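If you want the building blocks of each chain, they are given just below.
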Amino acid sequence: MLLDLREIIGVPGGKVPFDFEPDMSDAAFGSIVCVKQPRAAGDVTNRAGMLTFSANVDAICECVCARCLKEFDNPVHKLITADLTEGGAGENPDGYFLQGDKIDAEEIIETEFILGMDERILCSEDCAGLCEDCGSDLNEGPCSCKKKIDPRLAALGQLLDDE
């Protein structure tokens, strides 16, 4: 979605509001895919000559738990802010460049949304994960594997066996 900023470029305090559903079907980061119900609402504001992009983005992402490998839907809310600049490369490496008097809001939202995602997402804070030996899901209960003794403590175990 291209936002036309012509009317606020020379007007301090000017705003261009937006509210739309960005196409985030290609937005993927590792085992996270954002495909359901994306919504972005915000504005571009001229703050004393500096254009600032601000958006609240809500989406439901399909994720794979980093511990138990189950797929689950994760509702995500992100506040995205970015500086917009008219200058050339090197002037503001963290900002986004205007395309004439316009800016591509979808590009900013998708890029910042992906960059703001956690690297490891869990299905729940207390996810027990999988057994190292048999691969059983420990969230469903304990597995039948015999507990292994740490080889560094094996000598202590022999002391208990002698009694």
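Our structure's up above, just so we're on the same page.
Right, let's walk through the structure included here. On a predicted model such as this, the values are computed, not experimentally measured, just so you know.

**Here we look at the layout of surface pockets**
Point 1. By volume, the largest pocket is sized at about 160 Å³.
Point 2. Along its surface, the largest pocket is lined by Cys131, Glu132, Asp133, Leu138, Cys143, Cys145, Lys146, Lys147 and Lys148.
Point 3. Across the lining of the largest pocket, the residue classes break down as four nonpolar, no polar and five charged.

**Some words on the pattern of salt bridges**
Opposite charge on two side chains makes pairing possible when the charged atoms of those side chains draw close.
Point 1. This model, assessed by the stated rule, comprises seven salt bridges.
Point 2. With a closest N to O distance of 2.9 Å, Arg39 and Asp19 form a salt bridge. Linking Arg39 in strand S4 (residues 32–47) with Asp19 in strand S2 (residues 15–20), this pair joins segments that are 20 residues apart in sequence.
Point 3. Note on Arg39: relative accessible area 35%, which makes it partly exposed.
Point 4. Exposure remark for Asp19: the relative accessible area of 48% places this residue in the partly exposed category.
Point 5. Connected via shared salt-bridge partners are Asp4, Arg6 and Asp101.

**Brief notes about the packing of aromatic side chains**
Point 1. Within this structure, the stated rule accounts for two aromatic pairs.
Point 2. On the basis of an interplanar angle of 15 degrees and a centroid distance of 5.2 Å, the ring pair of Phe18 and Phe53 is categorised as stacked. One end of the pair, Phe18, is in strand S2; the other, Phe53, is in strand S5 (residues 50–64), and 35 residues separate them in sequence.
Point 3. Each residue in the set Phe18, Phe20 and Phe53 is aromatic and connected to the rest through ring pairs, giving one cluster.

What counts, and at which threshold
- Residues numbered from 1 in each chain as written.
- Predicted model: local features only at pLDDT ≥ 70, side-chain atom pairs only at ≥ 80, totals over all residues.
- Heavy atoms only, no water.
- 1 Å grid on protein atoms, 1.4 Å probe; cavity = no way out; pocket = protein on both sides within 12 Å on 5 of 7 lines; lining within 4 Å.
- Points joined across faces, edges and corners; volume = space filled by probe spheres on them.
- Nonpolar A, V, L, I, M, F, W, Y, C, P; charged D, E, K, R; others polar.
- Salt bridge = Lys/Arg side-chain N within 4 Å of Asp/Glu carboxyl O.
- Helix = DSSP H or I, 4+ residues; strand = E, 2+ residues; numbered from the N terminus.
- Buried < 20%, exposed > 50% of the residue type's maximum accessible area, 1.4 Å probe, protein only.
- Phe/Tyr/Trp six-rings, centres within 6.5 Å; stacked < 30°, edge-to-face > 60°.

Geometric descriptors of this kind do not, in isolation, establish any biological role.
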